[in-house]
Amino acid sequence: MGIHQENYNSGILVEMWADFINWEKRRKGENGFLLNTLNKSHCRNVFDACLGDGADSIYLLKNGFDVTSNDLDNLFIKKARENAIKYNVTLNITEHDWRYLDRHFEGKNFDAVLCLGNSLTYLFEKKGRLKTLRNFLYILKDKGILVIDERNYQSILDKREEILKEGKFQYSGEYVYCGDKVHGRPIEISDDKVRFEYKDERTGSKGYLLLYPFKRGELLDLLKEAGFAKIEPYSDYKKGFTPDADFYQYVCIK
Ligand SMILES: C[S@@+](CC[C@H](N)C(=O)[O-])C[C@H]1O[C@@H](n2cnc3c(N)ncnc32)[C@H](O)[C@@H]1O
């Protein structure tokens, strides 16, 4: 169940990531969704499963949450530590592969688990994705919540011809990844993998990720199969489903 070789984060990508996200615009785009969701379920104790450069963990620490931040990429962890110093907070970091979290926790540890930034699509095998979701369920306290998101890959799959041949990738840039200096776009699209290119428009430097494209309804079905009791879907942070959203979020109750 190894992570796909080609989707390891390169140093270039890590350096670009803050400009790809645009930390401020991410907060503007989600318009309080994360804090409201956590507060509504009385969550204090949060496991950020994929720390990345620290954008969400640092925001939650600044807002008084008790956060455990996890990642297994050394370069991202180093970058997040640098950012934490900049923002004057201390990260509590674990370095576990999601698929083996059950080996490191006794269960029922957290009020909330976050798997944000389109991260589950790093895993190419259904077995690994399902094991990951079951592990998230395992480390959640009773009635705890998983907040997870996915890119609208179905739209990319449906429009693959115009994206690849005509270079027309329609993405609002208002949600999740909002940077205007670093842009991501798919450069290879097939039913089982999508390669994204991330380009810094100022310098021309490029990074790449190979990701698994969820089909419409696939993540929702997987969340049900993993055993979540209730799942609320959102489209670009608004309740319900719209087919042309950029990203989908799911609040899943144990
Ligand atoms: C697309 S980035 C998103 C980071 C951050 N949450 C954000 O929104 O910017 C996905 C992160 O998940 C981490 N990751 C991927 N597979 C993982 C696994 N099996 N276990 C733990 N972390 C993993 C990667 O190292 C990377 O930092």
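The structure under discussion appears in the preceding block.
What you see is a predicted model; the values in this text were computed from it and never measured.

Caption draft 1: Examining the overall build of the chain more closely. Along the chain, the regular secondary structure elements total 9 helices and 11 strands. Relative to its length of 254 residues, the chain is compact, with a C-alpha radius of gyration of 17 Å against a globular reference of 18 Å. Considered along the principal axes of its C-alpha atoms, the chain spans approximately 50 × 40 × 35 Å. A burial count over the chain gives 41% of its 254 residues as buried. Within the chain, contacts between residues at least 6 apart in sequence are counted, and of these 68% link residues at least 24 apart.

Caption draft 2: Local environment of the site of the ligand. Neighbouring the ligand are 19 residues; Cys50, Gly52, Asp73, Gly117 and Ser119 lie closest to it. Looking at the shell around the ligand residue by residue, the class counts come to 9 nonpolar, 5 polar and 5 charged.

Caption draft 3: The arrangement of the packing of helix H6 (residues 126-139) against helix H9 (residues 218-226) in detail. In contact at an axis separation of 9 Å, H6 and H9 are set at 55 degrees when each is read in the N-to-C sense. In terms of orientation, H6 lies oblique with respect to H9. Note that H6 runs across H9; the crossing there is right-handed. Listed contacts from H9 to Arg129, Leu130, Leu133, Arg134 and Leu137 of H6 are Leu222, Leu223, Glu225 and Ala226.

Caption draft 4: Up close: the environment of glycine 29. Positionally, glycine 29 belongs in helix H2 (residues 23-30). Glycine 29 has contacts with Glu174, Tyr175, Val176 and Cys178, leaving out every residue within four places of it along the chain.

Caption draft 5: Region of interest: the sheet that holds strand S2 (residues 66-70). The strand order across the open sheet formed by 8 strands is S3-S2-S1-S4-S5-S11-S9-S10, and the pairing between neighbours is mixed. The two strands at the open ends of the sheet, each matched to only one other strand, are strand S3 (93-94) and strand S10 (238-239). One ladder, built from 4 bridges, connects strand S1 (residues 45-48) with S2; its direction is parallel. Along S2, the bridge assignment pairs aspartate 48 with serine 69.

Caption draft 6: Local environment of the pairing of strand S9 (residues 230-235). With 6 bridges joining them, S9 and strand S11 (residues 247-253) adopt antiparallel strand pairing. Its bridge partner being in S11, tyrosine 234 is matched across the sheet by glutamine 249. Where S9 and S10 come together, 2 bridges link them in antiparallel fashion. Counterpart to tyrosine 234 in the pairing with S10 is lysine 239.

Caption draft 7: Representation of the sheet that holds strand S7 (residues 194-200) in the model. The sheet built from 3 strands is open, its strands ordered S6-S7-S8 with antiparallel pairing. Edge positions in the open sheet fall to strand S6 (182-189) and strand S8 (206-211), since each of these has one partner strand only. Between one strand axis and the next, the sheet turns through 25 degrees on average, direction left out of account. Direction of pairing for S6 relative to S7: antiparallel, over a ladder of 7 bridges. Looking at the pairing, valine 182 lines up with aspartate 200 of S7.

Caption draft 8: Spotlight on H6. For H6, with 14 residues, the first-to-last C-alpha span of 20 Å sits near the 20 Å given by 1.5 Å per residue. Among all positions of H6, only Arg129, Lys131, Thr132, Leu133, Asn135, Phe136 and Ile139 are buried. Tucked into the core, H6 has its buried residues touching S1, strand S4 (110-115), strand S5 (140-151) and H9.

Rules and cut-offs
- Residues numbered from 1 in each chain as written.
- Predicted model: local features only at pLDDT ≥ 70, side-chain atom pairs only at ≥ 80, totals over all residues.
- Helix = DSSP H or I, 4+ residues; strand = E, 2+ residues; numbered from the N terminus.
- Rg over C-alpha atoms; globule rule 2.2 N^0.38 Å.
- Buried ≥ 20, exposed ≤ 12 C-beta atoms within 10 Å, placed from the backbone.
- Contact = placed C-beta atoms within 7 Å.
- Near = placed C-beta within 6 Å.
- Nonpolar A, V, L, I, M, F, W, Y, C, P; charged D, E, K, R; others polar.
- Axes fitted to C-alpha atoms, helices over the stretch in contact; angles between N-to-C directions.
- Parallel < 35°, antiparallel > 145°, perpendicular 65-115°, else oblique.
- Left-handed = near helix turned anticlockwise from the far one by under 90°.
- Pairing = 2+ DSSP bridges.
- Expected span 1.5 Å × (residues − 1).

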